[in-house]
Amino acid sequence: MTENNAMKISILKNSIQEYAWGSTQAIPELLGRKNPERKTQAELWMGAHPKAPSLVQHNGRWVSLPELIAKNPVDLLGKKVAQNFNDQLPYLFKVLAAAKPLSIQAHPDQKQAREGFQRENAQKIPLEAPHRNYRDANHKPECICALTRFWALSRFRKISGILAYFEKLNLRQLEVELADFKNQPTPKGLKRFYTSLMTQDMDRQKRIVADALEQVQGFESEDPVFKWILNLAEDYPDDIGVLSPILLNLICLEPGQALFLGAGELHAYLAGLGIELMANSDNVLRGGLTPKHVDVAELLRVLQFKDRDVALLKPAASIANERVYFSPAAEFVLSVITLNSAAIYRSPKNRSVEILICTRGNLAILDQSDRTETRLPQGASALVPASVERYTIKGQGTCYKAAVPLSVDRKRSTEVNG
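An account of the accompanying structure is given in this report.

1. Some details on the nonpolar core
Grouped together as the largest cluster of nonpolar side chains are 53 residues, with contacts concentrated most on Phe156, Phe166, Tyr194, Leu247 and Leu303. If you tally residues by element for this core, the top one is helix H10 (residues 224-235), at 7 residues. In terms of nonpolar packing, the next biggest core, distinct from the first, is built from 43 residues, Val56, Ile275, Val336 and Ile355 among them.

2. Details of the environment of Pro237
As for its placement among the helices and strands, Pro237 is situated in the loop between H10 and helix H11 (244-247). The class of Pro237 is partly exposed, set by a relative accessible area of 43%. In sequence terms Pro237 and Lys206 are 31 residues apart; their C-alpha atoms lie 8.3 Å from each other.

3. Comments concerning empty space enclosed by the protein
Taken as a whole and assessed by the stated rule, the structure comprises 1 cavity of 30 Å³ or more. Here the largest cavity defines a volume of roughly 40 Å³. As for the largest cavity, its lining consists of Arg155, Phe156, Gly264, Glu265, Leu266, Gln304, Lys306 and Arg308. Partitioned by chemical class, the residues of the lining of the largest cavity number 2 nonpolar, 2 polar and 4 charged.

4. Points about the packing of aromatic side chains
Counting across every chain of the model gives 12 aromatic pairs. Note on Tyr345 and Tyr391: the rings are 6.1 Å apart at their centroids and 50 degrees apart in plane angle, and the pair reads as tilted. One end of the pair, Tyr345, is in strand S18 (residues 344-346); the other, Tyr391, is in strand S22 (residues 391-403), and 46 residues separate them in sequence. Each of the two residues, Tyr345 as well as Tyr391, counts as buried. For the cation-ring pair, Lys168 lies above Phe219, with the distance from its terminal atom to the ring centre recorded as 4.9 Å. Directly above the aromatic system of Tyr19 lies the positively charged group of Lys292, at a separation of 4.0 Å from the ring centroid.

5. Brief notes about the side chain of Gln17
Tracing the backbone through its elements, the reader meets Gln17 in strand S2 (residues 15-17). Not counting chain neighbours up to four residues away, the residues in contact with Gln17 comprise Thr40, Gln41, Ala42, Glu43, Trp45, Lys51 and Ala52.

About the criteria used
Residues numbered from 1 in each chain as written. Predicted model: local features only at pLDDT ≥ 70, side-chain atom pairs only at ≥ 80, totals over all residues. Heavy atoms only, no water. Core = buried A, V, L, I, M, F, W, Y, C linked by side-chain atoms within 4.5 Å. Buried < 20%, exposed > 50% of the residue type's maximum accessible area, 1.4 Å probe, protein only. Helix = DSSP H or I, 4+ residues; strand = E, 2+ residues; numbered from the N terminus. 1 Å grid on protein atoms, 1.4 Å probe; cavity = no way out; pocket = protein on both sides within 12 Å on 5 of 7 lines; lining within 4 Å. Points joined across faces, edges and corners; volume = space filled by probe spheres on them. Nonpolar A, V, L, I, M, F, W, Y, C, P; charged D, E, K, R; others polar. Phe/Tyr/Trp six-rings, centres within 6.5 Å; stacked < 30°, edge-to-face > 60°. Lys NZ or Arg CZ within 6 Å of the ring centre and 35° of its normal. Contact = heavy atoms within 4.5 Å.

What follows is the structure, encoded as structure tokens:
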């Protein structure tokens with residue numbers, strides 16, 4: 001590669017997804033931009049997904065990140081990442097701003113994604129068709145890290161807890177199904193109960209929801225589970241998904257806490273601003289609480305019916321001023337770098353392609369090889385190619401970093417959410 005075309009640390013220009021559940025304030029405030037039209041800005045995408053690829057400032061012009069990777073896969077991704085992921089950036093980095101709850105959803109595993117993508121291609125369903133489930137052939141493990149207090153539903157709660165909540169509500173409309181569930185309080189029984197709940201005809205679902213909303217009155221002040229049932233019913237008054245806070249673990253992440261979600265794990269993000277990092281996929285199977293396409297049969301096919309407590313990702317110290325959220329994902333690892341005016345972050349020599357976004361303060365990245373400096377004020381993001389041997393970050397602020405784990409022996413540090 002010639003010196004003029006050498007890969008350098010570069011500022012990114014990213015797309016914003018304007019979904020109905022997004023916030024009119026959170027992302028504009030982070031980016032320092034106005035939003036006079038008060039558009040609901042839901043997700044800022046940083047990466048190379050074909051739906052909304054980032055642009056990279058390269059040799060005086062803006063170039064799409066996929067185009068840049070195609071021309072320089074090893075220099076940009078690193079030899080190991082290029083080999084392992086077929087010359088593709090394996091992760092997608094986001095800022096997610098939820099003013100309203102997202103859909104109840106889960107993601108397929110790698111085999112299910114590949115088969116589903118091929119099946120819908122064979123059916124000649126256009127990639128952008130609203131009723132399409134599989135928009136690519138990738139799985140979508142993901143990590144969400146709270147920037148503000150962040151509410152979420154994640155994985156089926158312990159069966160004893162599910163039954164206790166239903167017993168308190170004493171729903172007449174579900175007497176038969178609950179009696180059957182009590183007789184078999186196992187994952188198999190949970191699957192049968194949830195399948196029955198989700199496949200009722202719409203009239204019966206409405207009666208079940210109406211019964212629940214009547215019974216929950218008066219309990220909302222004593223338990224946020226009941227408060228969230230009422231909150232969900234404000235936007236989706238007849239949707240059986242309003243019972244999800246009973247079925248799933250309700251979590252409130254404090255800033256800096258993170259959650260990992262694997263394939264087949266039912267979840268929904270309810271409210272807050274967070275950093276999201278995932279495998280490079282847009283495959284979502286929805287079960288409710290959304291005006292978008294819902295495919296209950298396909299969702300049930302991929303779901304895991306394991307009842308368990310939620311384990312939060314506990315950041316572990318790596319090198320000075322950096323904490324890492326280790327997870328089982330091979331495609332990504334999230335970390336946070338926090339600096340004061342006297343501190344300096346020094347990158348490790350053995351590293352992969354990285355994307356950084358400054359969420360607070362004002363930082364500067366210095367390439368140690370040619371001494372070029374890239375300013376990173378709040379809201380700005382940058383691409384650091386693997387071919388950049390060493391760099392430092394100085395200033396006062398916080399940035400989140402997406403990278404690809406290079407070590408086979410990846411740790412996972414968790415703590416149980418009590």
